[in-house]
Amino acid sequence: LIVAIFFFSVGCSDDQNNDAVNTDEHNETEEHSEAIKISDEVMKEFGIEVKEAGAGVIKNHIDLTGEIKAEPSKISHIVPRFSGIVQQVNKTVGERVSKGEVLAIIESNESLTTYEVQSLIDGTIIEMHMTQGELIGTEAHAFTIADLDKVWAMLSVYQKDLDKIKIGQNAKVSIGSIDTEEMGKISYLSPIVDEKTRTASARVILNNQSGKWRPGMFVTAKVYVSETKAQVVIEKTALQTIDDEQVVFVKEAEGFVPQRVKVGKETDDTVEILSGLKAGQQYVSKGAFTLKAEVLKESFGGDEH
């Protein structure tokens, strides 16, 4: 009986040890399965980029809408000096002209001699009211020429935002495309509010030598009204949601590991990290969705990556 008890005890001890070993191996496997190894070629193929987390500034902004307008002082209305018959028209709408360039020739009704109608500025013809052989008077302008090298983005500011918008603040003006975005500054804020719209006007001067900003365009603008310094700021595209928790994929020696984070203030492009990620750590800034898909595949018993 004593011998039997001894062998039974030894057997139980071995089983417990084996169970402990199996548990350790299982934990080690689970921990290892969280690390995703991806080659440089695959990272390049799927657009996966890695950056270093660090301190940054969270810029708080207000969204405004508005319209592109030509600068009033850069618009020239050309009126014939004498009424007469249009003998010749040299330019038309849309053409660029130089100061002093001859736009048309008119025969005066009074002297029956011809005289030239010249451009008073460098610019683009945006309106023309003249045709060859037409009898034209001096009561209306024949050409409207605008210098559009610089234009105004006139933004509407609602009453609730008036105390936040200040002259000198940075503003990003856009028509919904990255190719048509430009940074400028609030250079003017109207002292009155329109009775109908209940809005004030804010002006941003834009460089338009490329001609991409056309008067009459509807635009949106982000006016940056305040800045907050943060110890850890990352790109917003790095955030992913797994099991209802926000994670960031961190680069470790064994691969990329999803790490739970707590976020703070955010903008359209960046977000503050309050915990879960430290300055100096390498994280996946773009293409993190590919790694998330790999994690989900593993959780559903997919093939090894």
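So, a few notes on the structure that sits alongside this text.

**Examining the packing of aromatic side chains**
All told, the structure shown has one aromatic pair when counted by the stated rule. Ring geometry for phenylalanine 82 versus tyrosine 115: centroids 5.5 Å apart, planes at 85 degrees, classification edge-to-face. Of this pair, phenylalanine 82 sits in the loop between strand 3 (75-78) and strand 4 (84-89) while tyrosine 115 sits in strand 7 (residues 114-118), placing them 33 residues apart in sequence. Accessibility expressed as a relative area gives 36% for phenylalanine 82, which makes it partly exposed. Between the NZ or CZ atom of arginine 203 and the centre of the ring of tryptophan 152, over which it lies, the distance is 4.4 Å.

**Re the pattern of salt bridges**
By the definition in use, this model includes nine salt bridges. The partner of lysine 236 in a salt bridge is glutamate 266, and the shortest N-O contact between them spans 2.7 Å. Of this pair, lysine 236 sits in the loop between strand 15 (218-235) and strand 16 (240-242) while glutamate 266 is found in strand 19 (residues 262-266), placing the two residues 30 residues apart along the sequence. Lysine 236 sits in the partly exposed class, given a relative accessible area of 28%.

**What about the environment of asparagine 60?**
Take asparagine 60: it is sitting in strand 2 (residues 54-70). In the structure, asparagine 60 is positioned 206 residues away from glutamate 266 in sequence and 8.1 Å away in space, judged by C-alpha atoms. The residues touching asparagine 60, leaving out its near neighbours within four places in the chain, are Val223, Tyr224, Val225, Ser226 and Thr228. Side-chain polar atoms of asparagine 60 contact the side chain of serine 226, separated by 2.9 Å.

**Describing the sheet that holds strand 4**
Taken together, the four strands give an open sheet; going across it, the order is 7-6-4-9, and neighbouring strands pair in antiparallel fashion. The open sheet has two edge strands with one neighbour each: strand 7 and strand 9 (135-136). Looking at chain direction, strand 6 (residues 102-108) and strand 7 are connected through five bridges and run antiparallel. Bridging from a neighbouring strand, glutamate 107 pairs with threonine 114 of strand 7.

**Some words on the pairing of strand 14 (residues 199-207)**
The pairing of strand 11 (residues 150-158) with strand 14 spans nine bridges and is classified as antiparallel. Its bridge partner lying in strand 14, tryptophan 152 is registered against isoleucine 205. Of the strand pairs in this sheet, strand 13 (residues 181-189) and strand 14 are connected by three bridges, and their pairing is antiparallel. Across the sheet, the residue bridging to leucine 189 is alanine 202, located in strand 14.

**Looking at unusual backbone geometry**
Not every positive phi belongs to a glycine, and arginine 198 is a case in point at roughly 60 degrees. Mapped onto the elements, arginine 198 comes out in the loop between strand 13 and strand 14. Positive phi is not limited to glycine here, since aspartate 244 has a value of about 65 degrees. By the secondary structure assignment, aspartate 244 is in the loop between strand 16 and strand 17 (245-252).

The rules behind the values
Residues numbered from 1 in each chain as written. Predicted model: local features only at pLDDT ≥ 70, side-chain atom pairs only at ≥ 80, totals over all residues. Heavy atoms only, no water. Phe/Tyr/Trp six-rings, centres within 6.5 Å; stacked < 30°, edge-to-face > 60°. Helix = DSSP H or I, 4+ residues; strand = E, 2+ residues; numbered from the N terminus. Buried < 20%, exposed > 50% of the residue type's maximum accessible area, 1.4 Å probe, protein only. Lys NZ or Arg CZ within 6 Å of the ring centre and 35° of its normal. Salt bridge = Lys/Arg side-chain N within 4 Å of Asp/Glu carboxyl O. Contact = heavy atoms within 4.5 Å. Polar contact = N/O pair within 3.5 Å; in protein donor to acceptor, adjacent residues only side chain to side chain. Pairing = 2+ DSSP bridges.

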